[in-house]
Structures are given as structure tokens and as C-alpha cells.
Amino acid sequence: MFDQLEIVENRYEQLNELLSDPDVVSDPNKLREYSKEQSDLEETVQVYREYKDVKTQLDEAKEMQKEATDSDMKEMIKEEIAELEPQIEPFEERLKLLLIPKDPNDDKNVVMEIRGAAGGDEANIFAGDLYRMYSRYAEENGLKIDVMESAPADQGGFKEISFTIIGNGAFSKLKYENGAHRVQRVPTTESGGRIHTSTATVAVLPEVEDVEIDIRQEDLKIETYRSSGAGGQHVNTTDSAVRITHLPTGIVATSSEKSQIKNREKAMKLLKTRVYDQMVQEEQSKYDEQRKSAVGTGDRSERIRTYNYPQNRVTDHRIGLTIQKLDQIMEGNIQEIIDALSIEEQTHKLEELNSGNVI
């Protein structure tokens, strides 16, 4: 571990020098790349230096204790050692966590797609409830939401809705939401008071940058059409909506705002994210069972959570977490669940690190 920490510290110092190099300063791409790398290493280096300082003080105090002859001096040194020794283990545990490789997608924006699944109208209504939950969470955490495409359902909610959550670290916060969400409640249309079970699926994708995936223009079919509106002055009277089809995969993305230029940009961004996600899913399916995350396989058909309205209860099945405050959860207060899933993942990775397995 300490060999790795020395390498990290040396790289951090090297980056300090590079960021002062005129050639780097004049190159925006290199400047951005090195600045981000330095920022990512900063906490690890700071904690490692604090650890080394405490360790040095402790080693010196123990040497002084061997040589001390005065009883008062011995007592002072003993007190200093008693103060320093308990700090070592927490520092080492924290450094182990900081050495866990960071998910390269953590800082990215998120593309979320919610679809009503089993349960008909109630599933679509629940999809709308989930969208509202994530919207509230984003608002509370200073993140911005941009709806890319949606298909409202007749009885409320959405058949499906795709949107971007924009802000630093959005993916790190919401990546655990990927999967099937189940709701148990009495629908408003149910006169007999029977509890129904419905599901909605949530896909969480890191937004793809242009450099990550190259889509050839000849592989695209781009169509414009007149989008439906709310009626009256909101009816779209021009062919401004855009549908883009990626011919090799058959993946489709649409956007139907007023501006055709913005619709092309949005639809293209969504298409790239979906194509990239399919590539990742295909690669992930090849992984050995032991490589799967402690908090689930990431399969969208996997039931990850149940929302039980009669008992005001939410259960995350991946880690066996049950919280008796569904009403607060549906208002966007999901940080407690996110934190628990993050700790579980870190613990799993730390166990692999300690066992010598590659993470």
C-alpha cells in the first residue's frame, strides 16, 4: 500500500510541475486533463502526508522513550504516544479506501430512462412518481434536469421518460438506481381496496462525450416530423421534432422541442449514450460472476427495491436495507439509501484489495 502511496505522491508533484509548464498552460486540453488528475489525487496525497507526519512523531517519541531517564519526561512522552497511537489505524483505513480505483464515470452527468413495466396504468403512474422523486433529489443537491424525450400516459405518469441530470458527480450519486423498482399500493382506480404490485424500470447511463464513441454519419437515419402538443397555441406547426436511428443497432432517439437545432443536438446526445451503453452491456455480460458488483449486476430486469405504501416502507433488496419512511423517500430524500449502497460497494472493493485481487 505504501509503495502505491509513494507513486501517487510523486505523480502529484510531477503534475504540479507540468501545470507550470508553458507548453501545458497554452494547451487547453492538456491543462484540463492534468488539472483534473491533480484534483483527483489531492485528497489522497494530503491524507498520506498527514499520516506520515503523525507516524514520524510517533516513531520519534518511541525513540525518546527508550533514551529518557527523567521520570517526568518519561510520563510526558508516554502521554504523547498514547495520543498519537490511536490515530494510526484510522489513517491507514482511510488511505486504503482512497486507493480504491475511482469509477471513471463518477464525475459525469447522468442520462436516466424510466419506463412503466408490469402493471399497466399503475406502472406508468409509478414511473411518474419515480421521475418526481429523482427531480426533487436533483433539486435538493443543486443538480439540473433536462427532459430529452417523454411519452405521457393517459391515466397519469409516463409510459417512458428520458432525461439528463446535470452536475458534478451526478453519476456517482445515482448509479445505484439502475434496475427494476417495485411498488405495492392500492391504486386510485381500485374500488375494493386491494393492494396491487407494479413495476417500473430505471436505466442510469453516464452521459457520453464525443471522444468516447465515434458514430459514422452514414450509419444514421435522421427524420423530422411534426410533434404533438397540448393543443391551441402549443401545437407544433412545423416539422421541428427529430428522430435519429442508428442503423447498425436499430437504436432510436427522439426530441420534440420547438427548436429543430436543439432537437438534433439532444437526440444525437441521447443516441450516443444509448449506443455506448449497449456496447458496455455487451462487454459486461462477458465478465465472470465474481467481477459483478456487490450491490447488484446492473441488469435492468433485476428487482432492486420495493416501495410498500400501506406500511410506509422502502426495502433495497441488494443490501437488505429497510427504511420506514417511504413518504420522505418519495419526496426525494434518498441520500440515506445512496450512502448505504456506496458504503457496501466500498466495503466489497476494500475486501478485494485486502485479499490481493484486482479491483
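In the block above lies the structure referred to throughout.
Residues numbered from 1 in each chain as written. Predicted model: local features only at pLDDT ≥ 70, side-chain atom pairs only at ≥ 80, totals over all residues. Heavy atoms only, no water.

1. With respect to the environment of Gln155
Checked against the element boundaries, Gln155 lands in the loop between strand S2 (144-152) and strand S3 (158-166). Residues within four places of Gln155 in sequence aside, it is in contact with Asp121 and Ile125. (Helix = DSSP H or I, 4+ residues; strand = E, 2+ residues; numbered from the N terminus. Contact = heavy atoms within 4.5 Å.)

2. A short note on the packing of helix H3 (residues 28-67) against helix H4 (residues 71-99)
Following both chains from N to C, one finds H3 and H4 inclined at 150°, their axes separated by 9 Å at the closest point. For the element pair H3 / H4, the angle class is roughly antiparallel. Once H3 is placed against H4, the crossing between them reads as left-handed. (Axes fitted to C-alpha atoms, helices over the stretch in contact; angles between N-to-C directions. Parallel < 35°, antiparallel > 145°, perpendicular 65-115°, else oblique. Left-handed = near helix turned anticlockwise from the far one by under 90°.)

3. Concerning the packing of helix H1 (residues 2-18) against H4
Running from amino to carboxyl end, H1 crosses H4 at an angle of 65°, the nearest separation of the two axes being 11 Å. Taken as a pair, H1 and H4 cross one another with a handedness that is left-handed. Judged by residue contacts, Phe2, Gln4, Leu5 and Val8 of H1 engage Glu92, Leu95 and Leu99 from H4.

4. Points about the packing of aromatic side chains
Going through the model one piece at a time under the given rule, you end up with four aromatic pairs. Their ring planes at 65° and their centres at 6.2 Å tell us that Tyr51 and Phe91 sit as a pair that is edge-to-face. One end of the pair, Tyr51, is in helix H3; the other, Phe91, is in helix H4, with 40 residues separating them in the sequence. For the pair shown, Tyr51 and Phe91 are each scored as buried. Summarising the aromatic geometry, the rings of Tyr131 and Phe158 are spaced 5.7 Å apart at their centres and angled 80° between planes, so their arrangement reads as edge-to-face. Of the two residues, Tyr131 sits in helix H5 (residues 121-140) while Phe158 sits in strand S3, which places them 27 residues apart along the sequence. Just as Tyr131 is buried, Phe158 falls in that class too. Pairwise contacts between aromatic rings join Tyr131, Phe158 and Phe163 into one cluster. The ring of Tyr309 has Arg185 lying over it, and the distance from NZ or CZ to the ring centre is 4.7 Å. (Phe/Tyr/Trp six-rings, centres within 6.5 Å; stacked < 30°, edge-to-face > 60°. Buried < 20%, exposed > 50% of the residue type's maximum accessible area, 1.4 Å probe, protein only. Lys NZ or Arg CZ within 6 Å of the ring centre and 35° of its normal.)

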